[in-house]
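# Summary of the model geometry
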Amino acid sequence: MDAYKKLKLEFKGVKSVIENYADGGNVANYLYGMENALINDDVESVLYLLNEICIWYQDNINDIHNDTYVYDMHEHDRNMSLLEGIKKDLDNYDFNKIFNEDNNKIKTQNIPKIFISHRSTDKKYGDALEKLIVGLGVKNEQLIYSSHPLHKIPLNENIYNYLRKNINQKVFVIILWSNDYLESPACLNEMGAAWVTQSDYINIYTPDFSFGNPKYHECAVDTRKMGAVLNGDTNCKASMIEFKDKILEMFNLTLDEQTWTYLLDQFIAEIK
């Protein structure tokens with residue numbers, strides 16, 4: 001059977017077996033990313049993640065065999081053998097089969113999008129960001145923000161399938177960190193997807209965010225990356241100016257100073 005097609009057919013079962021043994025850590029991000037990459041035929045990510053999952057199995061197979069609570073170790077042996085075989089077959093695979101009509105690039109959309117990854121309890125801050133972003137000239141369909149009717153997940157779409165289809169596009173992810181965000185597996189999965197697909201992102205924090213929370217420092221993304229705390233102070237305003245410049249460049253937009261001053265003043269008033 002075609003190696004790439006075989007990976008697509010087998011991966012759901014592989015993922016289920018691994019998740020029964022390990023439901024967290026980097027391997028969870030690898031599995032989520034692989035599922036997304038296979039849907040979008042993102043070859044570069046598929047090859048990278050396949051290699052990482054194979055390495056994970058090499059590092060953990062002995063522990064799996066010695067764990068008395070693992071009753072499906074033969075399934076793990078099969079997974080490991082299957083993935084390593086597929087990895088070997090894909091070394092010389094003709095990926096032109098899944099290229100687009102121009103045969104120059106893998107199927108993808110080049111329309112940039114912004115994705116606000118947030119907890120619904122932080123809607124106040126998400127709404128303020130949404131109003132600012134739209135005010136800069138970003139179109140409704142270029143923003144994914146599930147707490148707003150104009151940017152929410154389409155009615156007939158499963159939320160995770162929709163995110164998988166969109167996260168591999170040219171997406172700029174806003175991670176709206178809060179203490180509630182760290183308690184949400186769904187939010188952490190979104191953040192993990194941004195890391196796995198190497199999406200560009202910015203860290204934005206609610207004013208009461210606990211930077212000392214161990215869960216924060218265990219996250220996959222670079223938590224040392226500079227971000228903005230939405231407390232309305234001078235540093236916050238300076239960060240939002242940088243944020244504005246990035247959005248304008250990304251979408252090739254222009255904005256007069258008077259309009260920007262109004263938008264920033266409204267934003268600061270709303271987050272306070």
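One structure accompanies this document, and this report is about it. For every chain, the first residue of its written sequence is number 1, and the numbers climb from 1 along that sequence. Only residues with pLDDT of at least 70 are given local features in this predicted model, and only at 80 or more are side-chain atom pairs given and counted; all residues enter the totals for whole chains, interfaces and linings. In computing side-chain properties, one takes all heavy atoms of the structure into account and sets aside hydrogens as well as water.

## Notes on the packing of helix α1 (residues 3–21) against helix α4 (residues 73–90)
- With axes taken as lines fitted to C-alpha atoms, and helix axes fitted only over the stretch in contact, angles between N-to-C directions fall between 0 and 180 degrees. For the purposes of this entry, the term helix denotes a DSSP run of H or I that reaches at least four residues, the term strand denotes a run of E that reaches at least two, and both are numbered from the N terminus. The contact between α1 and α4 brings their axes to 10 Å, and the two run at 145°. The crossing of α1 and α4 is left-handed. On the side of α1, the interface is formed by Ala3, Tyr4, Lys6, Leu7, Glu10, Val14, Val17, Ile18 and Tyr21, while α4 contributes Glu75, His76, Arg78, Asn79, Leu82, Leu83, Ile86, Asp89 and Leu90.
- Residues are sorted three ways: Asp, Glu, Lys and Arg are charged, Ala, Val, Leu, Ile, Met, Phe, Trp, Tyr, Cys and Pro are nonpolar, and all the rest, Gly among them, are polar. Residues of the contact of α1 with α4, tallied by class, amount to 11 nonpolar, 2 polar and 5 charged. Crossings are classed by handedness, with left-handed meaning an anticlockwise turn of the near helix from the far one by less than a right angle and right-handed meaning a clockwise turn. Any two residues whose heavy atoms approach within 4.5 Å are treated as being in contact.

## Regarding the pattern of salt bridges
- What makes a salt bridge here is a side-chain nitrogen of Lys or Arg within 4 Å of a carboxyl oxygen of Asp or Glu, nothing more. Applying the stated rule across the entire model yields 9 salt bridges.
- Residue Asp127 is joined to Lys123 by a salt bridge in which the shortest nitrogen-to-oxygen separation is 2.6 Å. Taken as a pair, Asp127 and Lys123 lie in helix α5 (residues 123–135) at a separation of 4 residues, close to a single helical turn.
- Residue classification places Asp127 among the partly exposed residues on the basis of a relative accessible area of 23%.
- What makes Lys123 partly exposed here is its relative accessible area of 36%.
- In this structure, Lys246 and Asp200 form a salt bridge, with 2.7 Å as the shortest nitrogen-oxygen distance. Residue Lys246 is found in helix α9 (residues 234–251), and its partner Asp200 is found in strand β4 (residues 200–205); the two are separated by 46 residues along the sequence.
- Connected through shared salt-bridge partners, Lys15, Glu19 and Glu35 make up one network. In this scheme, a residue with accessible area under 20% of its type's maximum is buried, one over 50% is exposed, and one in between is partly exposed, where area comes from a 1.4 Å probe on protein chains only.

## A word on unusual backbone geometry
- The phi dihedral of Asn252 falls on the positive side, at around 55°, and the residue is not glycine.
- Within the secondary structure, Asn252 sits in the loop between α9 and α10 (257–271).
- Classification of Asn252 by relative accessible area gives exposed; the value is 70%.

## Description of the environment of Leu150
- Locating Leu150 in the fold gives a position in the loop between β2 (143–144) and α6 (159–167).
- Its relative accessible area of 53% is what places Leu150 among the exposed residues.
- Through-space distance from the C-alpha of Leu150 to that of Lys139 is 9.9 Å; in sequence the pair is 11 residues apart.

## Structural notes on the pairing of β4
- Among the 6 residues that make up β4, 5 are buried, leaving the element largely enclosed by the rest of the structure.
- Of the strand pairs in this sheet, strand β3 (residues 171–177) and β4 are connected by 6 bridges, and their pairing is parallel. Within the sheet, the bridge partner assigned to Trp177 lies in β4 and is Tyr205. For two strands to be treated as a pair, DSSP must find at least two bridges joining them.

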